[in-house]
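Observations on the three-dimensional arrangement
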Amino acid sequence: VQLVESGGGLVQPGGSLRLSCATSGFTFSSYAMRWYRQAPGKARELVAAITNTGGITNDADSVKGRFTISRDNAKNTVYLQMNSLKPEDTAVYYCKTIIGGRNYWGQGTQVTVSS
């Protein structure tokens, strides 16, 4: 099982980024996917989650109306579209799936929101 995030970077407040999490080694279309983030000195928090068929099951209050999770089962990839970014969105963003009760994480991608 492999999860590889990409798309992070430095963006000004109010800007947008689209994160991708490319996966392999499992039947992607059968599993829910989640995006988490971890800011310096803070606990990792759930940002958004999506079922295997594309239903949105979680959307953190802090990102409601600004972030959108989606997936392409043909490409084995989950996305996080982030709009109206704020400095407090600065964090390392991770994707995760749970297979057989085990958590599988990507290596993370850094998002920095700063002017």
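Note that the coordinates shown come from a computational prediction; the quantities given were computed from them, not determined experimentally.

How each quantity is defined
Residues numbered from 1 in each chain as written. Predicted model: local features only at pLDDT ≥ 70, side-chain atom pairs only at ≥ 80, totals over all residues. Heavy atoms only, no water. Phe/Tyr/Trp six-rings, centres within 6.5 Å; stacked < 30°, edge-to-face > 60°. Buried < 20%, exposed > 50% of the residue type's maximum accessible area, 1.4 Å probe, protein only. Helix = DSSP H or I, 4+ residues; strand = E, 2+ residues; numbered from the N terminus. Pairing = 2+ DSSP bridges. Axes fitted to C-alpha atoms, helices over the stretch in contact; angles between N-to-C directions. Salt bridge = Lys/Arg side-chain N within 4 Å of Asp/Glu carboxyl O.

**Observations concerning the packing of aromatic side chains**
Inspection of the entire model under this criterion finds 4 aromatic pairs. With a centroid separation of 5.9 Å and 70° between ring planes, the pair formed by Phe 26 and Tyr 31 is classed as edge-to-face. A residue is classified by how much of its surface remains accessible, and Tyr 31, at 26% relative accessible area, is partly exposed. Taking 6.2 Å as the distance between ring centres and 90° as the angle between the ring planes, the aromatic pair formed by Tyr 94 and Trp 105 counts as edge-to-face. With Tyr 94 in strand β9 (residues 91-99) and Trp 105 in strand β10 (residues 102-105), this residue pair connects regions lying 11 residues apart in the sequence. Residue class for Tyr 94 comes out buried when judged on its relative accessible area of 13%. Residue Trp 105 is classed as partly exposed on the basis of its relative accessible area of 33%. Aromatic rings pair up to connect Phe 26, Phe 28 and Tyr 31 into one cluster.

**What about unusual backbone geometry?**
You will see that Asn 76, though not glycine, has its phi angle at about 55°, which is positive. Of note, Asn 76 is situated in the loop between β7 (67-72) and β8 (77-82).

**Some remarks on the sheet that holds β7**
Pairing is antiparallel across the open sheet formed by 4 strands, whose spatial order is β1-β3-β8-β7. Whereas interior strands pair on both sides, the edge strands pair on one side only; in this sheet they are β1 (2-6) and β7. Going across the sheet, the axis of each strand differs from the next one's by a mean of 15°, ignoring polarity. When β1 meets strand β3 (residues 17-24), the two strands line up antiparallel, connected through 5 bridges. In the strand pairing of β3, Leu 3 is matched with Thr 23.

**Regarding the pattern of salt bridges**
Tallying each qualifying case throughout the model produces 4 salt bridges. Residue Asp 61 is joined to Lys 64 by a salt bridge in which the shortest nitrogen-to-oxygen separation is 4.0 Å. On the basis of relative accessibility, which here comes to 69%, the residue Asp 61 falls in the exposed class. On the basis of relative accessible area, Lys 64 is assigned to the partly exposed category, the value being 46%. Between Asp 89 and Arg 66 there is a salt bridge; the shortest N-O distance is 2.7 Å. Taken together, the residues Asp 89 in the loop between β8 and β9 and Arg 66 in the loop between β6 (56-59) and β7 connect sequence positions 23 residues apart. Overall, Asp 89 belongs to the buried group, its relative accessible area being 1%. According to the relative accessible area criterion, Arg 66 is buried, its value standing at 10%. Connected through shared salt-bridge partners, Arg 37, Glu 45, Arg 66 and Asp 89 make up one network.

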